[in-house]
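Here's the letter readout for the chains.
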Amino acid sequence: MKVVLYSTQTTNGIIARENGDEDFLSDESWLIFSKLVEDVGCFIVGRKTYDSVQKWEDYNFDNINATKIIISTDKKLKLKEGYFLANSPEGALLKASSLGFAEVIVAGGGTINSAFMSKNLVKEIILNVEPFIMGEGIKVFAKEKFEFKLKLENIKKLKSGIIQLKYLVIK
Ligand SMILES: NC(=O)c1ccc[n+]([C@@H]2O[C@H](COP(=O)([O-])OP(=O)(O)OC[C@H]3O[C@@H](n4cnc5c(N)ncnc54)[C@H](OP(=O)(O)O)[C@@H]3O)[C@@H](O)[C@H]2O)c1
């Protein structure tokens, strides 16, 4: 399974305010996220990200035409129709594989990103760096013990001023 970790962050690595808001991110970042996951066909997020995005007015995972897998430790968690539950990163990959996918996008939040990194499950990382800094908030990687050398594969400058960085994870 090819696992691509995808995230949009401030220049200093913040992906959301402490209260979960992502109002400082550009509309373009949502549009490119939606297009990527629809092209790949499947994405995985943590339960807190699922909860957080449910509250947004402008954008919603419901309207994205892709398979959505939510990770939670709660085996009885009730999800909306169209969402699949997994209880671990490995469980989410097994689910994606059983549904016929050979590639998935892991799309946060910071806890799930670190869970996949620390288990050495990620092959590629795409980071969108917004022209914005903020002194507090949820980080792209929650505190966990892992380190990898990366190989820079591509750099793109997008309309909104986002710099999109694509890396291969050196195992
Ligand atoms: N800017 C971006 O690109 C971006 C992308 C995604 C998310 N976000 C933001 O990030 C914030 C959420 O990030 P977060 O780090 O607080 O939470 P998160 O990673 O979205 O979700 C954490 C939850 O995932 C489950 N989980 C984590 N590791 C697990 C494991 N190894 N096995 C089973 N379940 C596991 C747990 O759910 P249970 O508690 O139910 O067990 C945990 O509470 C939201 O505000 C969201 O909007 C931003």
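In case you missed it, the structure is sitting above this.
Here the residue numbering is sequential within each chain, running from 1 through the sequence in written order. Residues qualify for local features only when their pLDDT is at least 70, as the model is predicted, and side-chain atom pairs are given and counted only at 80 or more; totals for whole chains, interfaces and linings, by contrast, use all residues. Water and hydrogen atoms were dropped before computing side-chain values, which therefore reflect all heavy atoms in the structure.

Asker: Lay out the layout of surface pockets with the relevant residues and their values.
Answerer: The definitions used throughout rest on a 1 Å grid laid over the protein atoms alone, on which a cavity is an enclosed set of points accommodating a 1.4 Å probe that cannot get out and a pocket is an open set flanked by protein within 12 Å on both sides along at least five of seven lines; lining residues are those having an atom within 4 Å of a point. Grid points are joined across faces, edges and corners, and a volume is the space filled by probe spheres set on the points. For the largest pocket, the calculated volume is near 1200 Å³. E22, T49, S52, V53 and G109 are the residues nearest the centre of the largest pocket, which is lined by 45 residues in total. Mapped onto the lining of the largest pocket, the elements with two or more residues apiece are strand 1 (2–9), strand 2 (14–16), helix 1 (27–40), helix 2 (47–54) and helix 4 (110–118). A helix here means a DSSP run of H or I that spans at least four residues, while a strand means a run of E at least two residues long, and both kinds are numbered starting from the N terminus. Residue contributions to the lining of the largest pocket peak at 6 residues, all from helix 2. Of the volumes computed, that of the second largest pocket is approximately 230 Å³. As for the second largest pocket, its lining consists of Y6, I32, K35, L36, D39, I126, N154, K156, L158, Q164 and K166. Broken down by secondary-structure element, the contributors of at least two residues to the lining of the second largest pocket are helix 1, strand 9 (149–157) and strand 10 (163–170).

Asker: Describe the nonpolar core, listing the residues and the values that go with them.
Answerer: For this analysis, a nonpolar core means a set of buried residues of the types Ala, Val, Leu, Ile, Met, Phe, Trp, Tyr and Cys, connected via side-chain atoms within 4.5 Å. Each residue is assigned to one of three classes by its accessible area relative to the maximum for its type, calculated with a 1.4 Å probe on protein chains only: buried under 20%, partly exposed between the two thresholds, exposed over 50%. With 25 residues, the main nonpolar core has V3, I44, I69, V104, F116, V122 and I125 as its most contacted residues. Mapped onto this core, the elements with two or more residues apiece are strand 1, strand 3 (42–46), strand 4 (67–71), helix 3 (89–98), strand 6 (103–106), helix 4, strand 7 (124–129) and strand 10. In what follows, residue pairs with any heavy atoms lying within 4.5 Å of each other are defined as contacts. Aside from chain neighbours lying at most four places away, what touches I125 is L5, M117, L150, L165, K166, Y167 and V169. Within the second largest apolar cluster, 18 residues are counted, among which are V37, V45, V53 and F61.

Asker: Give a description of helix 2 that names residues and reports values.
Answerer: For helix 2, the set of buried residues is T49, Y50, S52 and V53. Down the axis, helix 2 shows its buried residues gathered within 165 degrees of arc, on one side only. On its buried side, helix 2 packs onto helix 1, strand 3, strand 4 and strand 5 (83–86). By arc we mean the arc of the directions from the helix axis to the C-beta atoms, nothing more.

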